Amino acid sequence: MPRYLSGTVLLPLRNILEQAGYAVEWDAQSQGAAFSLDSAGTYLLRMADGALTLDGETLWTDPKAIVLEGTTYVSAELFDYVEGVSADWDGATNTAVVTTDAPRDNVYCYDLGEGTITQGTREIPYRMQGVIGVPDGENCPVVIFLHGSHPIRSAAENRYDLGFSYLVDQLADAGYLAISMNVGINYSFENGEPSGCERTVQVVEQQIALLKQAMEGKEGIFPCDLNKKGDLDQVILVGHSRAGYDVFEVAARTELLEVKGIVSAAPALVTPLSSDPVDVPVGIIIPQYDGDVTSLDGGTLFDQLENTPERSSGTDLIYLEDGNHGGFSTALVRPDPFADRETLPQVMEPEKQQAFFSAYVQDFVKSVLETGKTPLETDASISDQYAGYPIMARVDTAGTVLYRAAADSVKSLQTSGVAAEAVNACSTLDHTAGSFRIPGSFQQYDLTRLGWDSAGSSATIPVSADLKDATYLQMDLAQDSGDTRNRQQDQSLTVTLRDAEGREASVQVKAGTPALTWQEGTVETIPVAGQEDLLQYSTFTPLGTVRLDMEAFSGVDLGKITQVTLTFGQPSGSIMLREIQTVK
C-alpha cells in the first residue's frame with residue numbers, strides 16, 4: 001500500500017512495476033532497484049541519490065525515494081519516466097491512480113474522450129471515464145456501478161469510480177461484464193448547480209450507447225476488445241450513497257438497458273423519484289455507523305418499495321453491524337464526515353466491509369439472474385450473519401398479510417396479560433413510540449407495541465386464512481430495547497396457529513433470534529422548546545424478519561386457520577410488531 005511521509009504520498013515501486021510486466025530485482029552493487037521490460041530497456045533507481053537511469057542515462061532524480069522495511073517507495077512522478085506506466089495521487093479520493101499498458105487481470109481504466117450533457121439550455125462538457133472488467137466468454141450479464149456525491153475539485157480528476165475497481169475485477173473473474181462509471185459531473189459545480197440526477201442519467205445513457213457499439217464489434221472506443229462480451233438485456237445496477245437512490249431513476253428512464261435488479265448501498269434520499277420504483281428485485285444495505293447518511297435512509301427506501309402498489313418483486317434490507325458509509329469504496333477509506341468519535345473504534349475495517357459487500361453483490365447478481373429473487377427472499381430462516389458478518393435483515397416478498405400495524409388494528413387483538421398500543425415511530429414531533437428509533441425518516445410509521453409483565457402473556461389475532469399454499473409464516477418485529485421491562489435481555493415467543501376445529505400447533509421463536517435481541521444502547525433525552533423532552537434510544541433498532549416453516553405447524557388444517565397467537569415466555573418485556581404475513 002502507499003505510504004504517507006513528510007507531506008508526500010509515496011507509492012510501492014515493485015508492486016506497480018510487476019503489474020506492468022516489468023522484472024524487478026535488487027542490484028546489490030549499485031544499491032538500487034533494477035527493472036526491465038523487453039521493449040523498454042533497463043532502468044536503475046539508485047537509492048543513494050534517487051537518480052533514475054535508463055541504460056545508463058539519467059532521466060530524473062526522486063529526492064523522496066526511500067526503502068522502508070524492505071520495500072522501495074517512490075514519488076508518483078517517477079512513473080512519468082517509465083515506459084508503459086503512469087501514476088498519480090488523487091488527494092480528494094485518497095486514491096493512487098496507476099495506469100499500465102498491460103492491464104491487471106483484464107481490468108481497464110478507460111477515457112472515451114469528451115462528452116456533452118444538457119441541463120436546461122446549457123451544454124456541459126465532461127470526460128467519459130470509468131473502469132471496466134472484461135470476462136471470458138460471450139453475451140455475459142452486465143453489472144454497472146455508480147458512485148455517490150463526495151468532495152470534488154474536478155469531476156475528471158477525482159475518480160470515485162475507481163473505488164469499486166475491486167468488485168469490477170471480481171465480477172469479471174466470475175463471468176460478468178462489470179463497469180464502474182465516473183458520474184462526478186452530476187455532483188460538480190464546475191458548470192453550474194446540478195439538478196437531481198439528471199446528469200447521471202445522461203452519462204449512463206451516453207456511455208452505454210458507446211458500450212453497445214463496442215459490443216457490436218466497433219473497434220477503437222474502449223481500450224479492450226468488447227465484441228459480443230455483454231448482454232444489455234441482463235443488467236444489474238449497483239449504486240452507493242446518492243447513487244444508491246439515483247439508480248432507481250436510471251433504471252426507470254434508460255431505454256438502452258433491461259434492468260433485472262438493483263443493489264443500493266447506504267442510499268441518500270435527496271429528491272423524490274419521478275415515478276414509482278421499477279418492479280425488480282432490490283437489495284438495500286444500511287451500515288450501523290453511517291456518519292454521512294445519519295438517518296439511514298435505506299429504511300425509508302425499503303418502506304417506499306414495500307408500499308408501492310402492484311409491486312411483486314422482493315426486497316432485502318440488511319443492517320450491517322459496525323459498518324460505515326465510506327467502507328464500501330476503496331476511494332473513501334476515511335472516517336465518515338459526521339462520524340460519532342466515540343463509536344469510531346467499533347467501525348469494522350474497510351477490507352472487511354468490502355469483503356461483505358463483494359459477497360452480497362455477487363450473490364445478488366447470481367440469485368436475481370438465475371431465479372428472479374433476492375439472496376434472502378427464499379431463505380428458510382433469516383440469519384444474524386451474512387458471509388460471516390453480523391447483520392439484522394428484513395425481507396419484503398409476495399404473500400398474504402394477516403396483520404399490519406395501524407392506528408385501529410389493535411382493536412382486533414384479543415389479549416391476556418398483554419397491553420397492546422398503537423404507536424407512531426415517525427421522525428417528527430408526532431412520534432409516540434417512546435425512545436424506539438428505526439432507520440429512516442417518516443411522517444407516519446405505524447407499529448403495535450405489545451408489553452407484558454408476566455410469563456405466559458399472549459396476544460391473539462383473529463384471521464380467516466387459507467395457508468395451505470404458504471411456504472413460510474413471516475413476522476416483522478423488534479424488541480423495544482429502551483423499555484426497562486426487557487431488562488437488557490433477549491426475548492423469545494411462541495407462535496400458535498388454531499384452525500376451525502379448535503386444533504392448535506405451535507412453534508417457538510427462541511431467544512437470540514436477531515429480531516428479538518436486545519440492542520445495546522441507552523435512552524437519551526432531547527430537549528424541545530415549549531414541549532416535553534423527547535426520548536431517543538442511542539442505537540437504531542431496525543425491524544427484523546422472523547420466518548417459520550409452515551411444515552412445522554403439524555396437526556392443524558392449514559386451509560382453515562382462525563387465529564394466530566403470540567405467547568411470551570419471559571417474565572416481562574416489550575416488542576414492536578409491524579406485520580405478519582405468509583410467504584409462498
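Report on the accompanying structure. In this text the structure is predicted, and so the values were computed from the model without any measurement. (Residues numbered from 1 in each chain as written. Predicted model: local features only at pLDDT ≥ 70, side-chain atom pairs only at ≥ 80, totals over all residues. Heavy atoms only, no water.)

Attention now moves to the overall build of the protein. A count of helices and strands for the protein gives six helices and 34 strands. Against the compact-globule benchmark of 25 Å for 584 residues, the protein has a radius of gyration of 28 Å, which places it among compact chains. In terms of principal-axis extent, the alpha carbons of the protein reach across some 95 × 50 × 50 Å. The proportion of buried residues among the 584 residues of the protein is 55%. For the protein, the proportion of contacts with a sequence separation of at least 24, taken over those separated by at least 6, is 70%. In the form shown here, the protein has an accessible surface area of approximately 24,400 Å², with 44% of it arising from carbon and sulfur atoms. Of the charged side chains in the protein, 38 are positive and 82 negative; the average position of the first set lies 4 Å away from that of the second. (Helix = DSSP H or I, 4+ residues; strand = E, 2+ residues; numbered from the N terminus. Rg over C-alpha atoms; globule rule 2.2 N^0.38 Å. Buried < 20%, exposed > 50% of the residue type's maximum accessible area, 1.4 Å probe, protein only. Contact = heavy atoms within 4.5 Å. Areas by Shrake-Rupley, 256 points an atom, 1.4 Å probe, with all protein chains shown as cover. Lys, Arg positive; Asp, Glu negative; His and termini not counted. Charge placed at Lys NZ, Arg CZ, Asp CG, Glu CD.)

Turning to unusual backbone geometry, a few remarks are in order. Despite not being glycine, Gln31 has its phi angle at roughly 50 degrees, a positive value. As for its position among the elements, Gln31 is in the loop between strand E3 (23-27) and strand E4 (32-37). Gln31 sits in the partly exposed class, given a relative accessible area of 44%. Within the chain, Glu69 stands out as a residue other than glycine whose phi angle is a positive 50 degrees. With respect to the element layout, Glu69 can be found in the loop between strand E8 (66-68) and strand E9 (71-75).

Within the secondary structure, Asp246 sits in helix H4 (residues 243-253). One buried charged side chain, Asp246, makes no salt bridge at all; its nearest oppositely charged neighbour is Arg242, positioned 4.4 Å away. Excluding residues within four positions of it along the chain, Asp246 makes contact with Asn186, Tyr187, Cys197 and Thr200. (Salt bridge = Lys/Arg side-chain N within 4 Å of Asp/Glu carboxyl O.)

The strand order E23-E26-E33-E28-E29 describes an open sheet built from five strands, whose pairing is antiparallel. Whereas interior strands pair on both sides, the edge strands pair on one side only; in this sheet they are strand E23 (414-416) and strand E29 (504-509). Each strand of the sheet is rotated relative to its neighbour by a mean of 20 degrees, with strand direction disregarded. (Pairing = 2+ DSSP bridges. Axes fitted to C-alpha atoms, helices over the stretch in contact; angles between N-to-C directions.)

Moving on, we get to the sheet that holds E3. Ordered in space as E3-E4-E5-E6-E7, the five strands form an open sheet in which the pairing is antiparallel. For this open sheet the edge positions go to E3 and strand E7 (57-61), each flanked by a neighbour on one side alone. Averaged over all neighbouring strand pairs, the angle between strand axes comes to 25 degrees, with direction disregarded. As defined by bridge partners, strand E5 (residues 41-46) adjoins strand E6 (residues 51-54) across three bridges and the pair is classed as antiparallel. Across the sheet, residue Leu45 finds its bridge partner in E6, namely Leu52.

As a further point, take the packing of H4 against helix H5 (residues 298-306). H5 packs onto H4 with a crossing angle of 25 degrees between their chain directions and a minimal axis gap of 11 Å. What the angle tells us is that H4 and H5 run roughly parallel. As H4 runs across H5, the sense of the crossing is left-handed. For the pair formed by H4 and H5, the contact residues are Gly244, Tyr245 and Phe248 on the first element and Leu301, Gln304 and Leu305 on the second. In terms of residue class, the contact of H4 with H5 is made up of four nonpolar, two polar and no charged. (Parallel < 35°, antiparallel > 145°, perpendicular 65-115°, else oblique. Left-handed = near helix turned anticlockwise from the far one by under 90°. Nonpolar A, V, L, I, M, F, W, Y, C, P; charged D, E, K, R; others polar.)

To continue, consider the side chain of Thr565. Structurally, Thr565 is set in strand E33 (residues 561-568). Judged by relative accessible area, which is 11%, Thr565 ranks as buried. Among the polar contacts made by the side chain of Thr565, one reaches the side chain of Thr460 at a distance of 2.9 Å. Here Thr565 is in contact with Ser458, Ala459, Thr460, Thr494, Val495 and Thr496, once residues within four sequence places are set aside. (Polar contact = N/O pair within 3.5 Å; in protein donor to acceptor, adjacent residues only side chain to side chain.)

Next up on the list: helix H6 (residues 350-371). Its 22 residues place the ends of H6 31 Å apart at the C-alpha level, agreeing with the 32 Å of an ideal helix rising 1.5 Å per residue. The set of residues buried in H6 consists of Gln353, Gln354, Phe356, Phe357, Ser358, Tyr360, Val361, Phe364, Val365, Ser367 and Val368. Remark: Gly372 follows H6 within two positions and exhibits a positive phi of approximately 80 degrees. (Expected span 1.5 Å × (residues − 1).)

So, about the pattern of salt bridges. Scanning the model with the defined rule gives 20 salt bridges in all. We note a salt bridge from Lys373 to Glu377, for which the minimum N-O separation is 3.9 Å. With its nearest N and O atoms 2.9 Å apart, the salt bridge here joins Arg503 to Asp499. Note on Asp499: relative accessible area 2%, which makes it buried.

Okay, the pairing of strand E13 (residues 122-133) next. Note: strand E12 (residues 107-119) against E13, eleven bridges, orientation antiparallel. The residue bridging Tyr108 from the neighbouring strand is Ile132, located in E13.

Our focus in this paragraph is the nonpolar core. Among the nonpolar cores identified, the biggest contains 58 residues, and Ile132, Ile144, Phe222, Leu226, Leu237 and Ile262 are the most heavily contacted of them. Among the elements that make up this core, the one with the highest residue count is helix H3 (residues 198-215) (eight residues). Apart from residues lying up to four places away in sequence, Leu237 is in contact with Ile144, Val247, Val250, Ala251, Leu257, Val259, Gly261, Ile262 and Val263. (Core = buried A, V, L, I, M, F, W, Y, C linked by side-chain atoms within 4.5 Å.)

Looking now at the environment of Ala172. One can find Ala172 in helix H2 (residues 165-173). Separated by 161 residues in the primary sequence, Ala172 and Val333 have C-alpha atoms spaced 24 Å apart. Ignoring sequence-local partners within four residues, the contact set of Ala172 consists of Gly133, Val134 and Pro135.

For the coordinates displayed, the defined rule picks out zero disulfides. Its sulfur unpaired, Cys109 is 11 Å from the next cysteine sulfur, which belongs to Cys224. Classification of Cys109 as partly exposed rests on a relative accessible area of 32%. Free cysteine Cys140: the closest other cysteine sulfur is in Cys224, separated by 13 Å. (Disulfide = S-S within 2.5 Å.)

Turning to the environment of Thr378, a few remarks are in order. Its location among the elements puts Thr378 in the loop between H6 and strand E20 (385-386). The class for Thr378 is partly exposed, based on a relative accessible area of 47%. Separated by 64 residues in the primary sequence, Thr378 and Gly314 have C-alpha atoms spaced 9.8 Å apart. The residues touching Thr378, leaving out its near neighbours within four places in the chain, are Lys373, Tyr472 and Arg547.

Shape descriptors only; they carry no functional weight alone.
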